[in-house]
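# Structural features, examined
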Amino acid sequence: MIQISIPLIPADDGALLIPADHVTDLLRRLAADWLESEHTGEMRGDERTVRDLAGVLTELADQIDVECIGFASAARHP
């Protein structure tokens, strides 16, 4: 089981935000943990479903990274 500490950042409106790099790291670590559990026999479920779900988490992390890179690039070049 993975353990991760994620910092919360208060926004001006009182909402709590999580840095994107921590979210993507969490998604990738969860996917890797699922795949490891599949290989060790700890995961209940069929192998294809576990691989597919891990793939979805990894793709989501990649998409968040791309969106953040695009946002950061646009902010630097208004």
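Here, every reference points to the structure presented above.
Residues numbered from 1 in each chain as written. Predicted model: local features only at pLDDT ≥ 70, side-chain atom pairs only at ≥ 80, totals over all residues. Heavy atoms only, no water.

## Comments concerning the pattern of salt bridges
All told, the structure shown has six salt bridges when counted by the stated rule. Residues Asp 62 and Arg 28 are paired through a salt bridge, measuring 2.5 Å at the closest nitrogen-oxygen approach. One end of the pair, Asp 62, is in helix H2 (residues 47-76); the other, Arg 28, is in helix H1 (residues 20-40), with 34 residues separating them in the sequence. Asp 62 sits in the partly exposed class, given a relative accessible area of 37%. Note on Arg 28: relative accessible area 30%, which makes it partly exposed. The salt bridge partner of Arg 28 is Asp 65, with a shortest N-O separation of 2.9 Å. (Salt bridge = Lys/Arg side-chain N within 4 Å of Asp/Glu carboxyl O. Helix = DSSP H or I, 4+ residues; strand = E, 2+ residues; numbered from the N terminus. Buried < 20%, exposed > 50% of the residue type's maximum accessible area, 1.4 Å probe, protein only.)

## Some thoughts on H2
Since the α-helix packs 3.6 residues into each turn, any two residues three or four apart lie on the same face. Its 30 residues place the ends of H2 44 Å apart at the C-alpha level, agreeing with the 44 Å of an ideal helix rising 1.5 Å per residue. Taken together, the buried positions of H2 are occupied by Val 50, Ala 54, Leu 57 and Ala 61. Packed against the buried residues of H2 are H1. (Expected span 1.5 Å × (residues − 1). Contact = heavy atoms within 4.5 Å.)

## Points about H1
Look at H1: 30 Å from first C-alpha to last across 21 residues, which is about the 30 Å you get at 1.5 Å a residue. Burial in H1 covers these residues: Thr 24, Leu 27, Ala 31, Ser 37 and Glu 38. In a view along the axis of H1, the buried residues occupy a sector of 155°, so they form one face of it. Facing away from the buried surface of H1 by more than 90 degrees, the exposed residues are Asp 21 and His 39. Packed against the buried residues of H1 are H2. The first or second residue beyond H1 is Gly 41, which carries a positive phi of 85°. (Arc of directions from axis to C-beta.)

## Quick notes on the packing of H1 against H2
Direction vectors running N to C along H1 and H2 enclose 165°, while the axes themselves pass 9 Å from each other. By the angle between their axes, H1 is roughly antiparallel relative to H2. Along this stretch, H1 crosses H2, giving a crossing that reads as left-handed. In terms of residue class, the contact of H1 with H2 is built from 15 nonpolar, two polar and six charged. (Axes fitted to C-alpha atoms, helices over the stretch in contact; angles between N-to-C directions. Parallel < 35°, antiparallel > 145°, perpendicular 65-115°, else oblique. Left-handed = near helix turned anticlockwise from the far one by under 90°. Nonpolar A, V, L, I, M, F, W, Y, C, P; charged D, E, K, R; others polar.)

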